Amino acid sequence: MGEETSEVFYTVILTKIQDEEAKKKVAETLSRVTTNLPADKAFKRMESLPWTLTRRATARNAERLVRVMEKLGATVQVSPSPSEATSPESVGTQVVPGTAVLQEPQAAVSDDLSRTPGVPIVPPTASSLQAEGQPSTPPQPPPPAPPALNVKGGSEPPGGDGFSIEPLSLGGILDRTFQICRRHFWKLFAIVGIPYLVVAALVLIASIVAAIVGFTLQALGDVPIWVLIAAAVTLIPSIIVAIIAMFYLSQGALIYAVSVVHLGRDIRVGDAYRFVLARLVKFVLTSVLLVIVTFAALLIAVLFGVVLFFISREVFSSGWWSAITWIPLSLIPFYASTKLLLFDKVVIIEDIAYTNALKRSWDLLTGKADGGWPRGYFLRLIILLFLFGLISVTIALVFQMPASIIAALMPESWIVGSVVQQLLSNIGGVIGGIFGGVCLVVFYYDIRSRKEGFDLKMLAQQHE
Amino acid sequence: MPCQERAVKENPQTVTTETSDHMVHQFHLAGIGTRFIAYLIDKLVQTGMVLGLTIITVLLLILTGKLSPAGECLVRLRDSLGWWLVAPTIAVYELITKGYFILFEYLWNGSTPGKRSQEIRAIRKDGRPISFVAAVIRNILRAVDILAEIYPVGLVVMFIDSRNRRLGDLAAGTLVVREAEFKPPVICTPLQEPNGADAEILNVALEMTMEDYDLVRKFLARRDSLDADYRRDLARQILERVSRRSVSIGEESSNPEAFLEKLETLCRRETKEI
């Protein structure tokens, strides 16, 4: 704003304080109106006066500071700041509410000073200011409370762990992902690990039962064929469906849990599973729809490829020239499936299912973000997936290294080695899965904050 | 020190340091993800530099007609040294990769091209700029943190450490922090300048709390990137929230954004701070 940049600023220097009592009051007042200057520090600092309180006070605020300090028993000296120091551009800052920047140590004095109890606002008479030709400002009603003077510089949108849910950079999304994983590691691990545990338990029970009954693979030949068919038709599909449903349940519970902790609330494993149970059918059916859409996209690519084959055979005598189009054509199903990747978040968090969920995911990943590269939401997702891939490799390596060392240390018992390797590999897979799940939920909220002002909406509702 | 303690408790990603002359500084720790991206960018720069140097050398050899003698020399070297050639190769590679980090961090005040792109830098844990010795220690230990050009050990240590430090940081007593904490906020220029006659708007502005003002300012700064429907709804919702504490705003609600612009400008003018 031109008005602000052309304004004259003043330097306010604390030169003398009457007594210890006054010093204490001044210290308390300064502590109250600054961001990170505790009273004891201010008190200590006053042992070596003069102290330049600010070099960037506006005329009105310099007057207020003078009045307040004089009232508290301190003597202050006011002089116009040198022009090169007063230009906001020269220090790369602008003076706006809540972000006052002082040249001297860490002080950001606010208008709260004018509303300090027992400190009335009086008409200005400071001779030093009038000498500079500044018009006297008439008494005004107390201004509204300025924005927060805390470290964050304002009221933050609700986010967990002192983290904001404002739009994030790609690095910020990964940072937030690591932070959520670190804070809620065991809960998230339990959520994702439950299906694995159940499957392992089922296998163990089946093995024990088979051992007790004396059932072996050779014994299968003695079982009547109709029993085997009945088992194949009923039991095996049921187990497969149950296991798939369990994994969907765990995936949905992870999305819900991350969503809850990302927005700053706490979550219990049971609550997450209970919440997702109600939406499980929608989730599974929408996933089936996604598979169908992806296959349709693949089919379109194949059809295009066949058509191009015949066209190139007619044009170039050999149809294999169309092979150069195969890579671009293969991008069609890849593009379609990636654009629909956020469907699970939509189903679980927004309770929108089937084609609407797919359309919503497509819409969310369409458009461009403000800020630095990459701007396109789709490209952001691709890069995020690439980074996630690298981190997954790193996580896998973390678990493969000890497994390989154990296997190398026990060459004679290869069974133990391979079991340990398999176990650690599965744990690595679970942790990689947690990381990927968290990362995509954070990304989903980031898009919503950017496109829909989700964080602002939360903020608007927060204090109503 | 209530302020300092509160800050640390509220946001564990913040580190507060105090100098001998009682200057208190707060730093926001760089996250693991940001550091990972910075490292990848540095690797890209390194690869580009090595590739560029190789291409230039080969071009020079071609231009001077010494490509074949140089090739023969390399073959002779390989034949005479055998596997021992691996050692100096690794040494040169390590010198380039570690030297890159040491040199940049020392000369650029804890920053490297990758770190600079992500607006982070390494500092000593007491807040002072990184020293040469600290830069050497933290980058030599990078060899332990990194295996196969990724961070398996470093990742685990950073994940466990509450201050996102890898082994090199722990040994050298350094932290990686975000810089450029202050960014000038976008200040809106209202289409219609409010004047003293807008008593109703002034009333609403005077009733605004700090959260209200912050919300209005953020909305105005980001509104152009919002989808049209959400932008309209959000403006109306914010206006409803702000005006709820004050008098009825009647016809102003027909254009919530213009009203919010006036509110922001008035509030800013009325609360101009020292």
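Note that the coordinates shown come from a computational prediction; the quantities given were computed from them, not determined experimentally.

So, how was this worked out
- Per chain, residue numbering runs from 1 following the sequence as it is written.
- Note on labels: chains are lettered from A, ligands numbered from 1, in written order.
- Where totals are concerned, whole chains, interfaces and linings use all residues; where local detail is concerned, this predicted model gives features only for residues with pLDDT of at least 70, and gives and counts side-chain atom pairs only at 80 or more.
- Heavy atoms throughout the structure, all of them, feed into the side-chain values; hydrogens and water do not.
- Runs of H or I in DSSP of at least four residues are treated as helices and runs of E of at least two as strands, each being numbered from the N terminus.
- Here, Shrake-Rupley sampling with a 1.4 Å probe gives the accessible areas, and only protein chains in the shown set may cover a residue.
- Any two residues having at least one pair of non-hydrogen atoms within 4.5 Å are treated as being in contact.
- Polar contact criterion, stated in full: a pair of N or O atoms within 3.5 Å, where within protein one must be able to donate a hydrogen and the other to accept it, and residues adjacent in sequence count only if both atoms are side-chain atoms.
- Ring geometry is summarised as follows: Phe, Tyr and Trp rings, the Trp one being its six-membered ring, pair when their centres sit within 6.5 Å, and such pairs are stacked at plane angles under 30 degrees, edge-to-face over 60 and tilted between the two.
- Comment: the charge-over-ring label is applied if NZ (Lys) or CZ (Arg) is within 6 Å of the ring centre and within 35 degrees of the ring normal.
- Here, nonpolar core means buried Ala, Val, Leu, Ile, Met, Phe, Trp, Tyr and Cys residues that are tied together by side-chain atoms lying within 4.5 Å of each other.
- Per-residue accessibility, obtained with a 1.4 Å probe over protein chains only, is compared with the maximum for each type, and a residue is labelled buried under 20%, exposed over 50%, and partly exposed between these values.
- Cavities and pockets are found on a 1 Å grid laid over the protein atoms alone: a cavity is a set of points where a 1.4 Å probe fits but cannot escape, a pocket is an open set with protein on both sides within 12 Å along at least five of seven lines, and a lining residue has an atom within 4 Å of such a point.
- Grid points are joined across faces, edges and corners, and a volume is the space filled by probe spheres set on the points.
- Residues are sorted three ways: Asp, Glu, Lys and Arg are charged, Ala, Val, Leu, Ile, Met, Phe, Trp, Tyr, Cys and Pro are nonpolar, and all the rest, Gly among them, are polar.
- Known as pLDDT, the predictor's per-residue confidence is scaled from 0 to 100.
- Take the number of residues in a helix, subtract one, and multiply by 1.5 Å to get its expected span.
- We define a salt bridge as a contact between a side-chain nitrogen of Lys or Arg and a carboxyl oxygen of Asp or Glu at a distance within 4 Å.
- Two strands are counted as paired when DSSP detects at least two bridges linking them.
- Only C-alpha atoms enter the line fits that serve as axes; for helices the fit covers just the stretch in contact. Angles between N-to-C directions range over 0 to 180 degrees.
- Working rule for angles: under 35 degrees goes down as roughly parallel, over 145 as roughly antiparallel, 65 to 115 as roughly perpendicular, anything else as oblique.
- Definitions for this section: a left-handed crossing has its near helix turned counterclockwise from the far helix by less than a right angle. A right-handed crossing has that turn clockwise.
- To count as a disulfide, a pair of cysteine sulfur atoms needs to be within 2.5 Å.

**Topic: the overall build of chain B**
Then, number 1: Across its full length, chain B holds 13 helices and four strands.
Then, number 2: When the accessible surface of chain B is summed, it comes to about 14,000 Å², and 63% of that surface belongs to carbon and sulfur atoms.

**A word on the overall build of chain A**
Then, number 1: Scanning chain A for helices and strands turns up 18 helices and three strands.
Then, number 2: A separation of at least 24 residues holds for 74% of the contacts in chain A among residues at least 6 apart in sequence.
Then, number 3: A total of about 22,500 Å² of accessible surface is found on chain A, and carbon and sulfur atoms cover 68% of it.

**What to know about the side chain of Ser111 of chain B**
Residue and element names in this part refer to chain B.
Then, number 1: Summarising the element assignment, Ser111 is placed in the loop between helix H4 (86–107) and helix H5 (113–117).
Then, number 2: Here Arg116 takes part through its backbone nitrogen, which lies 3.5 Å from a polar atom of the side chain of Ser111.
Then, number 3: If we ignore the near neighbours within four places in the chain, the residues touching Ser111 are Phe104, Glu105, Arg116, Ile120 and Arg121.

**Some points on the packing of aromatic side chains**
Then, number 1: Under the criterion given, the structure shown has 24 aromatic pairs over all chains.
Then, number 2: By the ring-pair criterion, three or more aromatic residues cluster together here, those being Phe178, Phe185, Trp186, Phe189, Phe388 and Phe435 of chain A together with Phe159 of chain B.
Then, number 3: Above the ring of Trp108 of chain B, the side-chain terminus of Arg116 of chain B is found at 3.9 Å from the ring centroid.

**Overview of the nonpolar core**
Then, number 1: Among the nonpolar cores identified, the biggest contains 75 residues, and Ile173, Leu174, Leu188, Val438 and Phe443 of chain A are the most heavily contacted of them.
Then, number 2: Looking at which element gives the most residues to this core, the answer is helix H17 (residues 414–452) of chain A, with 14 residues.
Then, number 3: In this structure, Leu174 of chain A is in contact with Leu384, Leu387, Ile391, Phe435 and Cys439 of chain A together with Gly33 and Ile37 of chain B, ignoring residues within four places of it in sequence.

**Comments concerning helix H18 (residues 454–462) of chain A**
Then, number 1: Turning to H18 of chain A, its buried residues number three or more, namely Phe454, Asp455, Leu456, Met458, Leu459 and Ala460 of chain A.
Then, number 2: On the buried face of H18 of chain A, the contacting elements are H17 of chain A together with helix H11 (210–222) and helix H12 (228–243) of chain B.

**Here's the deal with empty space enclosed by the protein**
Residue and element names in this part refer to chain B.
Then, number 1: Overall, the coordinates contain six cavities of 30 Å³ or more when judged by the stated rule.
Then, number 2: One number sums up the size of the second largest cavity: a volume of about 120 Å³.
Then, number 3: If you trace the second largest cavity, you find 14 residues lining it, with Arg35, Tyr39, Lys115, Arg142 and Tyr151 closest to the centre.
Then, number 4: Per element, the largest residue contribution to the lining of the second largest cavity is six residues, and it comes from helix H2 (residues 32–63).
Then, number 5: For the lining of the second largest cavity, the per-class residue count stands at eight nonpolar, no polar and six charged.

**Let's talk about the environment of Ala199 of chain B**
Then, number 1: Turning to its location among the elements, Ala199 of chain B is positioned in helix H10 (residues 199–207).
Then, number 2: Along the primary structure Ala199 of chain B and Asp42 of chain B are separated by 157 residues, whereas in three dimensions their C-alpha atoms are 57 Å apart.

**Considering the confidence of the model for chain A**
Residues shown with low pLDDT carry predicted positions that ought not to be read at fine detail.
All names here are of chain A.
Then, number 1: For chain A, per-residue confidence averages 77 on the pLDDT scale, and 79% of positions sit at 70 or higher.
Then, number 2: The low-confidence segment residues 1–6 (pLDDT under 50) makes 15 contacts with residues lying over four places distant or belonging to another chain.
Then, number 3: Contacts for the low-pLDDT stretch residues 83–155, under 50 throughout, to residues beyond four places or in other chains number 179 contacts.

**Notes on H12 of chain B**
In an α-helix, one turn spans 3.6 residues; hence positions three or four apart end up facing the same way.
Then, number 1: The terminal C-alpha atoms of H12 of chain B lie 22 Å apart, and with 16 residues this matches the ideal 22 Å at 1.5 Å per residue to within 8%.
Then, number 2: Among the residues making up H12 of chain B, those that are buried are Leu234, Ala235, Gln237, Ile238, Leu239, Arg241, Val242 and Ser243 of chain B.

**Quick look at the pattern of salt bridges**
Then, number 1: Applying the stated criterion across every chain yields a total of 36 salt bridges over all chains.
Then, number 2: For the salt bridge of Arg279 of chain A with Asp351 of chain A, the shortest nitrogen-to-oxygen distance reads 3.6 Å. Residue Arg279 of chain A is found in the loop between helix H11 (269–277) and helix H12 (280–316), and its partner Asp351 of chain A is found in the loop between helix H14 (343–350) and helix H15 (354–364); the two are separated by 72 residues along the sequence.
Then, number 3: Given a relative accessible area of 16%, Arg279 of chain A falls into the buried group.
Then, number 4: Its relative accessible area of 32% is what places Asp351 of chain A among the partly exposed residues.
Then, number 5: The residue Glu179 of chain B makes a salt bridge to Arg121 of chain B at a minimum N-O spacing of 3.1 Å. Separated by 58 residues along the polypeptide, Glu179 of chain B in the loop between strand S4 (174–178) and H10 and Arg121 of chain B in strand S3 (residues 120–124) bring together distant segments of the chain.

**Let's talk about the sheet that holds S4 of chain B**
All names here are of chain B.
Then, number 1: Reading across the sheet, the four strands line up as S1-S2-S4-S3 and stay open at both edges, with antiparallel pairing between neighbours. A strand with exactly one partner marks an edge of an open sheet, and here the two such strands are strand S1 (14–18) and S3. Put simply, the sheet's adjacent strands are angled 45° from each other on average, direction ignored.
Then, number 2: With five bridges connecting them, S3 and S4 associate as antiparallel partners.

**Considerations on the pairing of S1 of chain B**
As a general feature of sheets, a regular strand has side chains that alternate between the two faces.
Residue and element names in this part refer to chain B.
Then, number 1: With four of five residues buried, S1 lies mostly within the body of the structure.
Then, number 2: Alignment of S1 against strand S2 (residues 24–29), held across five bridges, turns out to be antiparallel. Paired with Glu18 across the strands is Val24, a residue of S2.
Then, number 3: Connecting the antiparallel pair S1 and S2 is a turn made up of five residues, with His22 showing a positive phi of about 65°.

**Observations regarding the packing of H4 of chain B against helix H6 (residues 132–140) of chain B**
All names here are of chain B.
Then, number 1: Across the interface, H4 lies against H6 with an axial gap of 9 Å and an inter-helix angle of 150°. Classified by the interaxial angle, the pair formed by H4 and H6 is roughly antiparallel. Considering how the two elements wind past one another, H4 and H6 form a crossing that is right-handed. Side by side, H4 and H6 meet where Lys98, Phe101, Ile102, Glu105 and Tyr106 of the first sit next to Phe132, Ala135, Val136, Arg138 and Asn139 of the second.
Then, number 2: Its residues assigned to classes, the contact of H4 with H6 shows six nonpolar, one polar and three charged.

**Points about the side chain of Lys98 of chain B**
Residues and elements named next belong to chain B.
Then, number 1: Its location among the elements puts Lys98 in helix H4.
Then, number 2: Take Lys98: its relative accessible area is 15%, and that puts it in the buried class.
Then, number 3: Among the polar contacts listed, one links the side chain of Lys98 to the side chain of Glu94, at a separation of 2.7 Å.
Then, number 4: Apart from the residues within four sequence positions on either side, Lys98 is in contact with Asn139, Arg142 and Ala143.

**Some words on the environment of Gln179 of chain A**
Then, number 1: Relative to the helices and strands, Gln179 of chain A resides in helix H8 (residues 170–183).
Then, number 2: A polar atom in the side chain of Gln179 of chain A sits 3.1 Å from the side chain of Arg176 of chain A.

**Describing the confidence of the model for chain B**
Residues and elements named next belong to chain B.
Then, number 1: Averaged over all residues, the pLDDT of chain B equals 82, while 83% of them reach at least 70.
Then, number 2: Between the elements of chain B, mean pLDDT differs from a low of 38, seen in helix H1 (residues 2–10), to a high of 95, seen in H5.
Then, number 3: Segment residues 1–10 is flagged for pLDDT under 50; beyond a separation of four residues in sequence, or across chains, it makes 13 contacts in the model.
Then, number 4: For this predicted complex, the interface score ipTM comes out at 0.84, while the overall pTM is 0.73.

**Describing the state of the cysteines**
Residues and elements named next belong to chain A.
Then, number 1: In this structure the tally under the stated criterion is zero disulfides over all chains.
Then, number 2: Unpaired in terms of disulfides, Cys439 finds its nearest cysteine sulfur in Cys181, a separation of 8.8 Å.
Then, number 3: A relative accessible area of 2% means that Cys439 is categorised as buried.

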